[in-house]
Amino acid sequence: MTLAGLLIFAAAYAMAVASPGPGIAAIVARALGNGLSGLAPFILGFILGDLTLFWVAAFGLAAIAQAHAGVLIVIKYAGALYLLYLAYKLWTAPVAVAEAGAPRASERGWRLFLTSYSLTVGNPKPIVFFMALLPTIVDLERLDLMGVLEITAVIVLVITPILAAYAIAAARARALFRSPHAIRALNRGTGTMMAAAAAAVAISR
């Protein structure tokens, strides 16, 4: 691809990633509830989720994906259920003054990865971008392997700092909560955000 084409894609993709949606809500809620603990595998799931959708579009696999739509539905609901489980843990977590501003023990990295990955491949926002908007930005029929690799690199370079910035900002805001009452309110507020993100993905078509 030409440099101009890559820049146009990068700008459009950055706006899509940064716009509010279930993915952003999930990463903000997790950072508010747990700080930066487990951030790397959580973000990796979003990255590979977007890359999966891009590769499906780039290699003309949309028809195959539709034929196995049932598998994608199972993945989507599994991620939504685990996010609801995390929301329940936040709502029921014990609170002590010593916990203020300190991250909790992180969940297993592979669970965090699978949660964000399943939320991404089942999230209508990235699906619409890669399946409907991408062909208007990139000529997929003329996209060669080098072009696929270039766009893959752009996706990684764009999504990583954007999601990390959201998470870091939320983690810093979390440090402002010092009293048990404030921590409990924060836990329940972020648990509600997680539950809402899970519901948004689960009811989407």
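Up top you'll find the structure we're talking about.
Residues numbered from 1 in each chain as written. Predicted model: local features only at pLDDT ≥ 70, side-chain atom pairs only at ≥ 80, totals over all residues. Heavy atoms only, no water.

Caption draft 1: Inspection of empty space enclosed by the protein at higher detail. Across all of its chains, the model carries 1 cavity of 30 Å³ or more by this definition. In this model, the largest cavity occupies a volume close to 40 Å³. Together, Ile27, Arg30, Ala31, Gly35, Leu36, Ser37, Gly38, Leu39, Phe42 and Ala167 line the largest cavity. Looking at the lining of the largest cavity, the elements that each hand over two or more residues are helix H2 (22-34) and helix H3 (39-58). Ranked by residues supplied to the lining of the largest cavity, first place goes to H2 with 3 residues. Its residues placed into classes, the lining of the largest cavity shows 6 nonpolar, 3 polar and 1 charged. (1 Å grid on protein atoms, 1.4 Å probe; cavity = no way out; pocket = protein on both sides within 12 Å on 5 of 7 lines; lining within 4 Å. Points joined across faces, edges and corners; volume = space filled by probe spheres on them. Helix = DSSP H or I, 4+ residues; strand = E, 2+ residues; numbered from the N terminus. Nonpolar A, V, L, I, M, F, W, Y, C, P; charged D, E, K, R; others polar.)

Caption draft 2: Molecular detail of the nonpolar core. Membership of the largest hydrophobic core comes to 42 residues, with the highest contact counts inside it found for Phe9, Tyr13, Ile27, Phe54 and Ile155. When residues of this core are traced back to their parent elements, those giving at least two are helix H1 (3-18), H2, H3, helix H6 (109-121), helix H7 (124-137) and helix H8 (145-174). Ranked by residue count, the leading element in this core is H8, at 11 residues. Ignoring sequence-local partners within four residues, the contact set of Ile155 consists of Phe9, Tyr13, Asp50, Leu51, Phe54 and Phe130. (Core = buried A, V, L, I, M, F, W, Y, C linked by side-chain atoms within 4.5 Å. Buried < 20%, exposed > 50% of the residue type's maximum accessible area, 1.4 Å probe, protein only. Contact = heavy atoms within 4.5 Å.)

Caption draft 3: View of the packing of H3 against H6. Between H3 and H6, whose axes approach to 7 Å, the crossing angle comes to 35 degrees. As H3 packs across H6, the resulting crossing turns out to be right-handed. Two secondary-structure elements touch here, H3 through Pro41, Phe42, Leu44, Gly45, Phe46, Leu48, Gly49, Asp50, Thr52 and Leu53 and H6 through Gly109, Leu112, Phe113, Thr115, Ser116, Tyr117, Thr120 and Val121. Taken together, the residues of the contact of H3 with H6 sort by class into 10 nonpolar, 7 polar and 1 charged. (Axes fitted to C-alpha atoms, helices over the stretch in contact; angles between N-to-C directions. Left-handed = near helix turned anticlockwise from the far one by under 90°.)

Caption draft 4: Looking closely at the side chain of Ser116. Along the chain, the position of Ser116 falls in helix H6. On the accessibility criterion, Ser116 (0% relative accessible area) is buried. When near neighbours in sequence (up to four residues on either side) are disregarded, Ser116 contacts Pro41, Phe42, Gly45 and Phe46.

Caption draft 5: Highlighting the layout of surface pockets. Taken as a whole, the second largest pocket spans an internal volume of roughly 210 Å³. Forming the boundary of the second largest pocket are 16 residues, of which Val17, Asp50, Asn123, Lys125 and Pro126 lie nearest the centre. When residues of the lining of the second largest pocket are traced back to their parent elements, those giving at least two are H1, H2, H3, H7 and H8. In terms of residues, the lining of the second largest pocket owes the most to one element, H7, which gives 5 residues.

Caption draft 6: Molecular detail of a nonpolar patch on the surface. On the surface, Trp55, Phe59, Leu145, Met146 and Leu149 cluster together into a nonpolar patch covering about 520 Å² of accessible area. For Leu145, a relative accessible area of 54% gives the class exposed. (Patch = residues over 30% accessible without salt bridge, like charges linked within 9 Å, V, L, I, M, F, W, Y side chains within 5 Å. Areas by Shrake-Rupley, 256 points an atom, 1.4 Å probe, with all protein chains shown as cover. Salt bridge = Lys/Arg side-chain N within 4 Å of Asp/Glu carboxyl O.)

Fair warning: the whole summary comes from geometry, so function is off the table for now.
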